[in-house]
Amino acid sequence: FPPRSLLLLRAPETLERFCAAAAAAAMDSAASLLEAYRRDRRRLLGFLLSSAGGRAVDLSRVDLDAVSADYALDCVASGAQFDASEATRRYFDDRRYPIMTSSPSGNSYFLLSRPEGSGSPPKKVAPDIGPEPPAEENSSRARKHSDSFEVAVNIQGASYVLKDLNLANTSPQHAKEMDLLSLGLPRLNAELSDDDLRETAYEVLLASLFVSGKLYFAEEKREKKPKFLKGLRSKTEGSNSAPQMENYYTHHLDLIRVQMEISESMDTLAKRALRRIGSKMVQGQLDVPCISLQLLSSVGKFDFPTERLRVQWQRRQANVLEELLLFSASRECSMSETLRIVLSKLKNTEDWVVSVPDGRIEVLTIIERYNTRLSAAPKKFGLKGETYHWTQSYHFNSRLYEKLLSSVFDMLEDGQLVEEADEILETMKLTWPILGITQKLHDALYAWALFQKFAQTGEILLLKQTDLQIQKLKLHNNVREAELYIDSFVCSVEGFGSNGTLNLVDSALLKINMWCHRQLKNYHLYFSQANCSIFESMLNLVLLTAANLTDDDEEAMLIGTSLGSTPESTLIHILVVRSIQAAYKNALISADGQSKAEFKHPLILLASELKLLVEKECSAFSPVLHKYYPEAGRVALTVFHLLYGQQLELFLEGSDHSESLKEILGASNSFELCIAQKLYSMYGEAAGSSLSNFLKPYMIDRFSSPIILQWLHAQHENVLEWTKRTIEIEDWEPLSVHRKLATSMVEVFRIVEETIDQFFNSSLPLDIVHLRSLLIGITSSLQVYLLHMENQQVSRATLLPVAPVLTRYAESVNPFAKRKLIEPAVREEKVANKLNNLTVPKLCVKLNTLQYIRDQLDTIEEGIKQSWVDVQSAVGLLDYLSCMTSEGATSKSSPSDESIDELFTIFDDVRRTAVNITDTILNFIGTRAVFWDMRDLLLFSLYRTSVESARMEIFIPTIEQAVNPNLGYLDMFSQ
């Protein structure tokens, strides 16, 4: 055969897995492909076995789908006689192990598990274990802060790991799949699958309907309906037309059949066999073995559409009887060995078919006689209708009832109840006498079914229904016999640090509580603002099903509860602390990973992560928790503050601090302010609390104050150096057509504003010393700039011409002395160069710049004062936190507004200097225009020709013509 054919023979389950994977993309094509592969496999096996052992083999009664291909190939190769029973046994035995096949590289196999998560095996040889090389100094220094940060994972409070599941490393969806709980019922010894239990449960329901007279079976064949899902209506869809059914129970039975995925052919077969089930009742009572015996005695080989269905059906009935009569029954009965032999004959489907009818009747009679003897045993609790199998087979009966309850969930809309859920539950009550279900057991099992469905779908309506069902369960007050009967339903439990047994009701409640408790212990991971309603409902459920915690949660708490706390408050306190510890551990891991990618210290990223968690806690969870535990918000914020404080203290205790110390302190102070602001918004001035002992302020100012002063000193030097550099290269040309001022002054103020922004955005605690240093630095830079402008000016006296000799008069001691001629002074070259540079347009730019300095000083002063108000509010929050710690009512005295205003008087010196320089320039401009720019036109024309030609009125138009064009340069000062 080709390799593909051998694969078909050896690995039919592999093909089924392949087809199951393809079903997600194309269900119809996958189903047809699966059927094609099975058909090819049957044909290949039929061809092989047609001549096995040298003679033809009758395969008409052999289920080829349950024949071991390896056994068939061995028979062909060795010429041995084919044994159908041995081939079937080998088939089921082989299913328990990985499927092997031969390949050139050796023995390859198909895993039953999923190996994708583990990845490929390592290709390198593991290194030998030897002495570790000495660490280099540089590498150890580089890893120092990272190592100290990783130590935080093991500090008190951060090393907490959930005992049942490491939620920090598990996604919510994966954790939900892992957390699907079981009731802890005793396991089934017989080979019964979920499908077997589901079909058996439906047969029990049919039997109960027939016995109670609620259902009648007519032989005539009903018309087949066109759709498989006829009659199925969910609550979300509804229906306007009432179904036309034979009676009330027939309609709901048909809906249950569809929900439980029972085919119409098997439904008809069971109804035909069970219509006279009343004759099989023992002492007026009916149990599951009686139902199976009735089915076996009434169903023949040709009632099944295929031989395979018949084999599966008969094996299921045999396994049910084996579970109920052999494994669950008392070993004291002398017929147990006989029963084992009889059941083995019943499980041998081929011998059962070929045996004579009398032989089959004898087998069934022996089983029935054995069941009758068991049913005659004395009742343990004296309850009405009690049977032997109520107590001995409770684990089987409970599983059957769970399968029946699953029919209330809409198979088309996951997480929804069908519209007829109440009617279906009413129909289920007919099975109570058979399965031994009481009202309390029903409420517990139904609550468990609802909760399991919620765990799978996350539908909040199911959670609320579970809550209502448990509230009903709590109202039950059974008589002593009924309570003893329920206590006989023993289930094994493992949780809260102890292993033991509980009855079924308590086990269901405990398992629900454990599942919810596990989710709520890490509610930051599982819940958000979007599903906060589920969080509240689950919290209600935990409080409703609260059990005595024995896992030493209280002793291992980072922050213990106060004396006299109620159990409800203690439980919520534990949930809050544990969830924050788990969220904090996640934040530690995330910050450590991001720091390597973003090249930031982990403490900076950790503070940002925790601020987001604090916002989430206060907006989504604390309002809900506050209803049950008023101190929940304070506990949460205190734990956040304490955990980060431990990490910060570990960092500050290091021998040396990193270059990012300023950023770390800023992030820490910002986080502490966030905590203080949330505390104040929640509790106001009510600072007194037992939790105040755990609020230890970080005292960031002790470390940050010298760092801020050092930074300010460095910034002042940078600004001063930049100011000197820009003023030296300034040519006093207008910045633009619309802004006729110096470019250098704009740059200086830009640097000053950047310094101010960095000062207030550092998130560090500031005081008046830091503010004074900032103002001094700004003033120093502006004074240097103004001094340079003042030094560029020329004295006004140098522009005035020397008075003529003839017009001078001065008293002289000797009036007869000869007058000396006064020679005109010659200006120095340096002064002349200055005069040439001090043109009227440039002087106008200087005037504009001086006015710009005064305006910007007013703007900067107003901005700094406003920012200082925010600083004072932050100081007030830190004082509030300190008051909570010391339980005092007073806070540190903050600087008054008068003292702050006194600091800004230092700007007045800059303003006065700017005004003085402005006056100097204004006086200089007129003098220069007349005695320098117009000296040839004005002065040299004086005393020429006649007196009339030297009058000043003649020169006024000339002066206006020279001055008016320069007035356009005065944009800010023109008024």
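Keep in mind it's a predicted model, so treat the numbers as computed, not measured.

Peer 1: Teacher, can you tell me more about the overall build of the protein here?
Peer 2: Each helix and strand counted, the protein has 39 helices and 4 strands in total. Residues classed as buried in the protein amount to 46% of the 975 residues present. Across the protein, every contact between residues at least 6 apart in sequence was considered, and the portion connecting residues at least 24 apart equals 76%. Taken as a whole, the protein presents about 50,600 Å² of accessible surface, with 53% of it coming from carbon and sulfur.

Peer 1: What am I meant to see in the pattern of salt bridges here?
Peer 2: Note on pairing: side chains with opposite charge can pair once their charged atoms come close. This model, assessed by the stated rule, comprises 28 salt bridges. For Lys403, the salt bridge is made with Asp194, and the minimal N-O distance between the two is 3.8 Å. Pair noted here: Lys403 is in helix H18 (residues 394-405) and Asp194 is in helix H9 (residues 194-211), with a separation of 209 residues, a long-range link. Residue classification places Lys403 among the partly exposed residues on the basis of a relative accessible area of 22%. One salt bridge connects Arg257 with Glu264, and the closest N-O pair in it is separated by 3.8 Å.

Peer 1: Would you mind going over the packing of aromatic side chains with me for this structure?
Peer 2: By convention here, two paired aromatic rings are described through the distance between centres and the angle between planes. Following the criterion strictly, the structure yields 20 aromatic pairs and no others. Aromatic side chains Tyr71 and Phe82 sit 5.8 Å apart centroid to centroid with 50° between the ring planes, which places their arrangement in the tilted category. Here Phe82 lies in the loop between helix H4 (69-78) and helix H5 (84-94) and Tyr71 lies in helix H4, a separation of 11 residues in the sequence. For the pair formed by Tyr71 and Phe82, the shared burial category is buried.

Peer 1: Looking at this structure, how should I read the side chain of His770?
Peer 2: Relative to the helices and strands, His770 is located in helix H33 (residues 768-791). Residue class for His770 comes out buried when judged on its relative accessible area of 1%. Aside from chain neighbours lying at most four places away, what touches His770 is Ser705, Ile708, Leu709, Leu712, Phe759 and Pro765.

Peer 1: Please explain the packing of helix H21 (residues 439-457) against helix H24 (residues 504-520) as it appears in this structure.
Peer 2: Helix-helix packing: each pair is described by the crossing angle between the helix axes and the interaxial distance. Between H21 and H24, the shortest axis-to-axis distance is 9 Å and the interhelical angle comes to 25°. Here H21 lies roughly parallel to H24, going by the angle between them. You can see that H21 and H24 cross each other, and the crossing is left-handed. Between H21 and H24, the residues in contact are Lys440, Leu441, Ala444, Leu445, Ala447, Trp448, Phe451, Phe454 and Ala455 and Leu504, Val505, Ala508, Lys511, Ile512, Trp515 and Cys516, respectively. Residue classes in the contact of H21 with H24 are distributed as 14 nonpolar, no polar and 2 charged.

Peer 1: Got a minute to help me understand H18 in this structure?
Peer 2: Spacing of three or four residues puts side chains on the same side of an α-helix, whose turn is 3.6 residues. Here H18 spans 16 Å end to end across 12 residues, near enough to the 16 Å set by a 1.5 Å rise per residue. Among all positions in H18, only Tyr394, His395, Phe396, Asn397, Ser398, Arg399, Leu400, Tyr401, Leu404 and Leu405 are buried.

Peer 1: What is the right way to read the packing of H18 against H21 from this model?
Peer 2: Running from N to C, H18 and H21 point in directions that differ by 55°, and their axes come no closer than 10 Å. Classified by the angle between their axes, H18 and H21 sit oblique to one another. As for how H18 packs across H21, the hand of that crossing is right-handed. The segment H18 lies against H21, with Tyr401, Glu402 and Leu405 engaging His442, Leu445, Tyr446, Trp448, Ala449 and Gln452. Its residues assigned to classes, the contact of H18 with H21 comprises 6 nonpolar, 2 polar and 1 charged.

Peer 1: How do you make sense of unusual backbone geometry when you look at a structure like this?
Peer 2: In this model, Glu261 sits at a positive phi of 60°, which is unusual for a non-glycine residue. With respect to the helices and strands, Glu261 occurs in the loop between helix H10 (248-259) and helix H11 (264-274). Taking relative accessible area as the criterion, Glu261 reaches 52% and is therefore assigned exposed. One non-glycine residue, Met699, lies in positive phi territory at about 55°. Positionally, Met699 belongs in the loop between helix H30 (661-683) and helix H31 (701-728). Given a relative accessible area of 34%, Met699 falls into the partly exposed group.

Peer 1: Just checking my understanding: could you explain the confidence of the model for the protein for this structure?
Peer 2: When pLDDT drops low, the exact placement of atoms in the prediction is not to be read closely. Chain-level statistics for the protein give a pLDDT mean of 77 and a share of 70% at 70 or above. Least confident of the elements in the protein is helix H6 (residues 137-142), whose mean pLDDT is 42; most confident is H18, at 94. The low-confidence segment residues 1-8 (pLDDT under 50) makes 12 contacts with residues lying over four places distant or belonging to another chain. Low pLDDT, under 50, characterises residues 114-118; the stretch is placed with 0 contacts to residues that sit more than four places away or in other chains.

Peer 1: Can you help me understand the state of the cysteines in this one?
Peer 2: Two cysteines joined by a covalent bond between their sulfur atoms form a disulfide. This structure, assessed with the given rule, holds 0 disulfides. Cys674 takes part in no disulfide bond, and the closest cysteine sulfur to it belongs to Cys618, at a distance of 7.1 Å. By relative accessible area, Cys674 is classed as buried at 9%.

Peer 1: Any chance you could explain the environment of Glu568 here in plain terms?
Peer 2: Structurally, Glu568 can be placed in helix H27 (residues 567-598). Contact partners of Glu568, with chain neighbours within four places excluded, come to Leu543 and Tyr628.

Peer 1: Got a minute to help me understand the side chain of Gln856 in this structure?
Peer 2: With respect to the secondary-structure elements, Gln856 resides in helix H35 (residues 840-886). Side chain to side chain, Gln856 and Glu753 meet in a polar contact 3.3 Å long.

The rules behind each value
Residues numbered from 1 in each chain as written. Predicted model: local features only at pLDDT ≥ 70, side-chain atom pairs only at ≥ 80, totals over all residues. Heavy atoms only, no water. Helix = DSSP H or I, 4+ residues; strand = E, 2+ residues; numbered from the N terminus. Buried < 20%, exposed > 50% of the residue type's maximum accessible area, 1.4 Å probe, protein only. Contact = heavy atoms within 4.5 Å. Areas by Shrake-Rupley, 256 points an atom, 1.4 Å probe, with all protein chains shown as cover. Salt bridge = Lys/Arg side-chain N within 4 Å of Asp/Glu carboxyl O. Phe/Tyr/Trp six-rings, centres within 6.5 Å; stacked < 30°, edge-to-face > 60°. Axes fitted to C-alpha atoms, helices over the stretch in contact; angles between N-to-C directions. Parallel < 35°, antiparallel > 145°, perpendicular 65-115°, else oblique. Left-handed = near helix turned anticlockwise from the far one by under 90°. Nonpolar A, V, L, I, M, F, W, Y, C, P; charged D, E, K, R; others polar. Expected span 1.5 Å × (residues − 1). pLDDT = per-residue confidence, 0-100. Disulfide = S-S within 2.5 Å. Polar contact = N/O pair within 3.5 Å; in protein donor to acceptor, adjacent residues only side chain to side chain.

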